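Here are the chains, one letter per residue:
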Amino acid sequence: MLKFDWNFLFMLINLVIFYLLMKRFLFKPIMRVMDRRREMIDKQFKDAENANEQANDLKKQYEEKIRNAGEESDRIINEAKENARAEYGKILIKAETDAQKLKDEAKKQADTERENAVRAARESIADIAMEAAEKVLGANVSDKINSDIFDEFLKESSESNESQNG
């Protein structure tokens, strides 16, 4: 039959005590360290995923900003072109107005010079007519008569000139 050995029992008790001590002082701290390590690794993975998502969001924002910047630059260029066209139109209208003013002034000046030339020509003609009349009459008539004849001549030439122009 089996013989009971006290050594075996002590060894078994020592083994159980050793196991309990190991479990209490070695396995539990090692398991806690491993759990903390696992949690830290999980947290790092989550942080990495969050960072990746943020990077993707930033990338989308930057792409949209770039697209908006392109649209904004197109809008600014078009606005500048429209402003340039408007300014060109204003300058053109001002130039036309200035040219018309210059033409009107030149016409007025030409009319004034023509009138002065006509007046001078009438006076010359009147003087020539007076000299001719003096030669025909042979004597110099009084200044009053000369002045009346001269005024009458100018009046008649003005009336005939106005009827030709009008």
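Throughout this document, residue positions are counted from 1 along each chain, in the order its sequence is written. It should be noted that, the model being predicted, local features are given only for residues of pLDDT at least 70 and side-chain atom pairs only at 80 or more, the latter also being counted only at that level, while totals for whole chains, interfaces and linings use all residues. Side-chain metrics rest on all non-hydrogen atoms present in the structure, leaving aside hydrogens and water.

A. Quick look at the overall build of the chain. Broken down by element type, the chain carries 2 helices and 0 strands. In the chain, which comprises 166 residues, the share counted as buried stands at 3%. What sets the accessible areas is the Shrake-Rupley method with a 1.4 Å probe; for residues, cover comes only from the shown protein chains. Approximately 15,200 Å² of the chain is accessible, and the part contributed by carbon and sulfur atoms is 59%. Each helix corresponds to a stretch of at least 4 residues labelled H or I by DSSP, and each strand to a stretch of at least 2 residues labelled E; elements are numbered beginning at the N terminus. Note on classification: 1.4 Å probe, protein chains only; a residue is buried when its accessible area is under 20% of the maximum for its type, exposed when over 50%, partly exposed between these limits.

B. Quick peek at a positive patch on the surface. In this scheme, patches are assembled from residues that exceed 30% relative accessible area and form no salt bridge. Like charges are connected within 9 Å, while nonpolar side chains (Val, Leu, Ile, Met, Phe, Trp, Tyr) are connected within 5 Å. By definition, a salt bridge exists where a carboxyl oxygen of Asp or Glu is found within 4 Å of a side-chain nitrogen of Lys or Arg. As used throughout, the charge tally considers Lys and Arg to be positive and Asp and Glu to be negative, leaving His and the chain termini uncounted. Working definition for charges: the position is that of NZ of Lys, CZ of Arg, CG of Asp or CD of Glu. Residues Lys-23, Arg-24, Lys-28, Arg-32 and Arg-36 make up a contiguous surface patch of positive charge. Looking at the element boundaries, Arg-24 is found in helix H1 (residues 6–137). The class of Arg-24 is exposed, set by a relative accessible area of 53%.

C. A look at the packing of aromatic side chains. Centres within 6.5 Å make a pair out of two Phe, Tyr or Trp rings, where for Trp the six-membered ring is used; the pair is then stacked when the planes are under 30 degrees apart, edge-to-face when over 60, and tilted otherwise. Here the structure, examined in full by the defined rule, presents 1 aromatic pair. Here Trp-6 and Phe-10 contribute two aromatic rings whose centre-to-centre distance is 6.5 Å and whose plane-to-plane angle is 35 degrees, an arrangement assigned as tilted. Remark: Phe-10 and Trp-6 occur in helix H1; sequence separation between them is 4 residues, near one turn of the helix. Cation placement over rings: the criterion is NZ of Lys or CZ of Arg within 6 Å of the ring centroid and within 35° of the ring normal. The ring centre of Phe-25 lies 5.9 Å from the NZ or CZ of Arg-24, which sits over that ring.

D. Local environment of the pattern of salt bridges. Evaluated as defined, the whole model comprises 6 salt bridges. A salt bridge links Asp-35 to Arg-38, with the shortest nitrogen-to-oxygen separation between them at 2.9 Å. Of the two residues, Asp-35 and Arg-38 both sit in helix H1, 3 residues apart, roughly one turn of that helix. Several salt bridges converge on common partners, so that one network encompasses Glu-72, Arg-75 and Glu-79.

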